[in-house]
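If you want the building blocks of each chain, they are given just below.
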Amino acid sequence: MVIFGMGMTKFVLSKHEKMEQMTNKIPSLSAKERRIIELVADGKTNPEIADLMCLSVPTIKWYRKRIRAKFDVDTTVGLIREAIRIGIIH
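Rules behind the numbers
- Residues numbered from 1 in each chain as written.
- Predicted model: local features only at pLDDT ≥ 70, side-chain atom pairs only at ≥ 80, totals over all residues.
- Heavy atoms only, no water.
- Helix = DSSP H or I, 4+ residues; strand = E, 2+ residues; numbered from the N terminus.
- Buried < 20%, exposed > 50% of the residue type's maximum accessible area, 1.4 Å probe, protein only.
- Contact = heavy atoms within 4.5 Å.
- Areas by Shrake-Rupley, 256 points an atom, 1.4 Å probe, with all protein chains shown as cover.
- Phe/Tyr/Trp six-rings, centres within 6.5 Å; stacked < 30°, edge-to-face > 60°.
- Arc of directions from axis to C-beta.

Trainee: What should I look at first to understand the overall build of the chain in this one?
Mentor: What the chain contains, in helices and strands, is five helices and zero strands. For the chain, the α and β elements follow one another from N to C terminus as α-α-α-α-α. Taken over 90 residues, the chain has a buried fraction of 27%. Sequence-distant contacts in the chain: of pairs separated by 6 or more residues, those separated by 24 or more amount to 49%. Of the roughly 6600 Å² that the chain leaves accessible, carbon and sulfur atoms contribute 58%.

If you want it as structure tokens, here you go:
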């Protein structure tokens with residue numbers, strides 16, 4: 001049996017709570033948002049995505065900004081990392 005001091009116990013519990021919050025933090029996404037994530041992960045540019053989805057480039061930019069906000073990330077890399085983590089893309 002391993003016994004930790006109070007400081008270590010609080011640290012471990014804090015890390016556990018953060019992991020639970022991250023696991024439970026799966027944003028609700030529309031079909032369009034999911035498709036945009038897939039296309040971004042495939043390396044498509046905003047104009048390419050716009051053409052494929054019959055939308056304007058500003059609309060794609062708006063969707064991407066909204067998706068990043070839902071995932072609470074600032075970058076495309078962060079978005080893709082989170083999408084992989086929750087299983088939207090593989």
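Trainee: Please clarify how the packing of aromatic side chains should be interpreted in this entry.
Mentor: To describe a pair of aromatic rings, one takes the distance between the centres and the angle between the planes. Tallied over the full model, the rule gives one aromatic pair. With a centroid separation of 5.1 Å and an interplanar angle of 75°, the aromatic rings of Trp 62 and Tyr 63 are classed as edge-to-face. For Tyr 63, a relative accessible area of 12% gives the class buried.

Trainee: Looking at this structure, I do not really get helix H2 (residues 31–41). What am I missing?
Mentor: In an α-helix, one full turn covers 3.6 residues, which means residues spaced three or four apart are oriented alike. Those residues of H2 lying buried are Glu 33, Ile 36, Ile 37, Leu 39 and Val 40. The buried residues of H2 occupy an angular sector of 165° when projected down its axis, which confines them to one face. On its buried face, H2 is in contact with helix H3 (46–53), helix H4 (57–71) and helix H5 (76–86).

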